[in-house]
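Notes for the structure review
Here's the letter readout for the chains.
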Amino acid sequence: MKVLFFDCFSGISGDMVLGAFIDLGIDPAYLDAELKKLNLSGFRIEAEQTMKKGISGTRCHVILEADRHHHRHFNDIKEIIENSTLSDEVKKTALAIFMRVAVAEGKVHNVSVERVHFHEVGALDSIVDIVGAAICYHALKPDLVYGSKINVGSGWVRCAHGLLPVPAPATAEILCNSNFEMYSKAIDGESATPTGVAILAELATYSPTTPSFIPEKTGYGFGGKDFGVLNALRIIQGRKSEANTIMVVETNVDDMTGEMAGYVLEVLLQNGALDAFYTPVYMKKNRPGIHLTVLCSEARLPLIEEIILKETSTIGIRKYPVERTCMHRHFKKIATPLGEVTIKISQQGDITRATPEYEDVKKIAQESGKSLWEVLEMVEKLK
Ligand SMILES: O=C([S-])c1cc(C(=O)S)c[n+]([C@@H]2O[C@H](COP(=O)(O)O)[C@@H](O)[C@H]2O)c1
Ligand code: NI
């Protein structure tokens, strides 16, 4: 499994994210070509490979010509992204990042999401940063993305509203809607911006300690300000074996119909759940209910949670990782007088088990008119 770890020791901003992705190997020409799909003129990307504090990294500049539509509303940005020829997955991710910014700005300025009036955050460079981050993320196709706690800086920052405290209100609000931890150390100024934390909160899962994986390469994306300490976002790319940790996801419901319950299991299994099943339970007020258990990989967890929240009546989910022991499995095909049957061979130490695949046996039974028992006995002698 491919892992990315966003190490935010000096915060995070949109251009730091692009710089780190490019430093990690994303071709700036590819990024530029994809960004052209936005059908917006008046910008270009410049990636400069440079040194800061003796460390080699990339400073990404979004060079703007005059942006005549400097003040955009959320709906304008939505329209630009939806009408572009970017892939659906890039559009979805970019819109979700923008939504985080819009919700935060709406809360801070007490206006609805639609009426949020983007100034700096709606300018072309934010569109480029956010859509660019979504392009790089989908180009790398990570299975797991983690983010560290965020060094937000300290003091004050000057922006369209005047002098604001650090973290800026929008940044703080985006963080309130995530479970990322913030802190401030060794930086006088704003090191984490609304765009940066929105990208992080959307793409990454918070990891309070350095996650466990095998690192393979690093990318440093430099920020523009000089804080005295290394002003960079570091993305560490690596791998982790999928082997033995899976997630158990659970919820209890007492207000769903049997039809809905059946449908949910189908959707979960179609979307990569390793298993999904119900256990009957008695809940509060003596109500008969169902306990849903889903087993899935860590990579599938966000999708599985989304399905449970969307398709069941629950308003909460429990989840925890578990270790599993799996016998090593391989398959072989054997020929029988009635057709081919796949045999699953499971091994662990000196334990070996060979089991015919049920669907093959069922097909032969149905086509030959023999009972399942007869077919199984025949296969047993041949396997
Ligand atoms: O544009 C707006 S409304 C804006 C709001 C806020 C609030 O905290 S409210 C802060 N800022 C500042 O703009 C710059 C640019 O941010 P990016 O995310 O676009 O890089 C930054 O200093 C923000 O704190 C803008
Ligand atoms: Ni604002």
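Quantities reported herein were computed from a predicted structural model and do not represent experimental measurements. Starting afresh in each chain, residues are numbered from 1 along the sequence in its written order. Think of it this way: whatever chain is written first is A, whatever ligand is written first is 1, and the rest follow in order. Local features in this predicted model are restricted to residues whose pLDDT is 70 or higher, and side-chain atom pairs enter the listing and the counts only when it is 80 or higher, whereas totals over whole chains, interfaces and linings include all residues. Water and hydrogen atoms were dropped before computing side-chain values, which therefore reflect all heavy atoms in the structure.

**Topic: the nonpolar core**
Applied cut-off: To form a nonpolar core, buried Ala, Val, Leu, Ile, Met, Phe, Trp, Tyr and Cys residues must be joined to one another through side-chain atoms within 4.5 Å. The classification of residues rests on relative accessible area computed with a 1.4 Å probe and restricted to protein chains. Under 20% of the type maximum is buried, over 50% is exposed, and intermediate values are partly exposed. Helix and strand definitions here come from DSSP, where helices need a minimum of 4 consecutive H or I residues and strands a minimum of 2 consecutive E residues; each element is numbered from the N-terminal end. Residue contacts are defined here by distance: any two heavy atoms, one from each residue, within 4.5 Å place the two residues in contact.
Counting residues in each nonpolar core, the largest one holds 61 residues, and the members touching the most others are Phe-6, Ile-12, Phe-21, Leu-35, Val-131, Ile-150 and Leu-233. Considering each element in turn, this core owes the most residues, 11 residues, to helix H5 (residues 124-140). In contact with Phe-21, not counting residues within four places along its chain, are Leu-4, Phe-6, Ile-26, Ala-133, Cys-136, Tyr-137, Leu-140 and Ile-235.

**A look at the environment of Phe-331**
Here Phe-331 lies in strand E20 (residues 328-336). Discounting residues that sit within four places of it in the chain, Phe-331 has contacts with Thr-342, Ile-343, Lys-344 and Glu-357.

**So, a nonpolar patch on the surface**
As a reminder, the rule being used: Only residues whose relative accessible area exceeds 30% and that form no salt bridge enter a patch; like-charged residues are grouped when within 9 Å of one another, and nonpolar side chains (Val, Leu, Ile, Met, Phe, Trp, Tyr) when within 5 Å. Accessible areas in this description were obtained via Shrake-Rupley with a 1.4 Å probe; residue shielding takes into account the shown protein chains only. Think of a salt bridge as a Lys or Arg side-chain nitrogen and an Asp or Glu carboxyl oxygen that are within 4 Å of each other.
The grouping of Tyr-358, Leu-372, Trp-373 and Leu-376 at the surface amounts to a nonpolar patch, some 450 Å² of accessible area in total. The greatest single-element share of the nonpolar patch, amounting to 3 residues, is contributed by helix H11 (residues 372-382). Within the secondary structure layout, Leu-372 lies in helix H11. Since its relative accessible area comes to 34%, Leu-372 is described here as partly exposed.

**What about the environment of Ala-261?**
Inspection of the secondary structure assignment puts Ala-261 in helix H8 (residues 258-270). For Ala-261, a relative accessible area of 8% translates into the label buried. Through-space distance from the C-alpha of Ala-261 to that of Phe-277 is 9.9 Å; in sequence the pair is 16 residues apart. The residues contacting Ala-261, other than those within four sequence positions of it, are Met-256, Tyr-278 and Ile-290.

**Brief notes about the sheet that holds strand E19 (residues 318-323)**
Which entries qualify depends on this criterion: By this definition, two strands are paired if DSSP reports at least two bridges between them. Note on method: axes are straight lines fitted to C-alpha atoms, helices fitted across the in-contact stretch only, with angles between N-to-C directions ranging 0 to 180 degrees.
Spatial ordering of the open sheet is given by E17-E18-E16-E19, a layout of 4 strands whose pairing is antiparallel. Of all strands in the sheet, those bounded by a partner on one side alone are strand E17 (275-282) and E19. For this sheet, the mean inter-axis angle between neighbouring strands, taken without regard to orientation, is 25°. Relative to E19, strand E16 (residues 245-253) runs antiparallel, the two sharing 6 bridges. The residue of E19 that forms the bridge with Val-248 is Tyr-320. Across the sheet, H8 touches E17 and strand E18 (288-296), and the angle it forms with E17 is around 150°.

**Quick notes on the domain arrangement of the chain**
What counts, and what does not: Where each domain starts and ends comes from a domain assignment, either automatic or drawn from a database.
The assigned domain composition of the chain is domain 1 (1-237), domain 2 (245-321) and domain 3 (326-379). A C-alpha centroid distance of 31 Å is found between domain 2 and domain 3.

**Considering the pattern of salt bridges**
Taken as a whole and judged by the stated rule, the model has 16 salt bridges. One salt bridge connects Glu-298 with Lys-240, and the closest N-O pair in it is separated by 3.8 Å. You can see Glu-298 sitting in the loop between E18 and helix H9 (301-311) and its partner Lys-240 sitting in the loop between strand E15 (232-239) and E16, a full 58 residues away along the chain. Its relative accessible area of 21% is what places Lys-240 among the partly exposed residues. As a salt-bridge pair, Asp-254 and Arg-287 come within 3.2 Å of each other at their nearest N and O atoms. Pair noted here: Asp-254 is in the loop between E16 and H8 and Arg-287 is in the loop between E17 and E18, with a separation of 33 residues, a long-range link.

**Observations concerning H8**
Because an α-helix packs 3.6 residues into every turn, residues spaced three or four apart end up facing the same way. Let me state the cut-off plainly: Multiply 1.5 Å by the residue count of a helix minus one, and that product is the helix's expected span. Picture the helix axis, draw a direction to every C-beta atom, and the arc is the one those directions span.
Here H8 is 13 residues long and its end C-alpha atoms lie 19 Å apart, about the 18 Å a rise of 1.5 Å per residue gives. By the burial criterion, the buried members of H8 are Ala-261, Val-264, Leu-265, Val-267 and Leu-268. Within H8, the buried residues cover an arc of 165° as seen down the axis, which keeps them to one side. Residues Gly-258, Glu-259 and Gln-270 are exposed on H8 and point more than 90 degrees away from its buried face. Against the buried residues of H8 lie E17, E18 and H9. Positive backbone phi, at 95°, marks Gly-272, one or two positions downstream of H8.

**A few points about the packing of helix H3 (residues 74-82) against helix H4 (residues 88-109)**
The condition that has to hold: For this classification, under 35 degrees means roughly parallel, over 145 means roughly antiparallel, 65 to 115 means roughly perpendicular, and everything else is oblique. When residue character is reported, Ala, Val, Leu, Ile, Met, Phe, Trp, Tyr, Cys and Pro are called nonpolar, Asp, Glu, Lys and Arg charged, and the others, Gly included, polar.
Their axes nearest at 10 Å, the elements H3 and H4 cross at an angle of 170°. Our classification of the angle between H3 and H4 gives roughly antiparallel. Residues Phe-74, Ile-77, Lys-78, Ile-81 and Glu-82 of H3 pack against Lys-91, Ala-94, Leu-95, Phe-98, Met-99 and Ala-102 of H4. For the contact of H3 with H4, a count of residues per class yields 8 nonpolar, no polar and 3 charged.

**Describing unusual backbone geometry**
Residue Pro-167 follows Val-166 across a cis peptide bond; omega there is 0°. For Pro-167, the position within the fold is in the loop between strand E10 (162-165) and helix H6 (169-176). Not every positive phi belongs to a glycine, and Ala-186 is a case in point at roughly 65°. Along the polypeptide, Ala-186 turns up in the loop between strand E11 (182-183) and strand E12 (189-190). Its relative accessible area of 58% is what places Ala-186 among the exposed residues.

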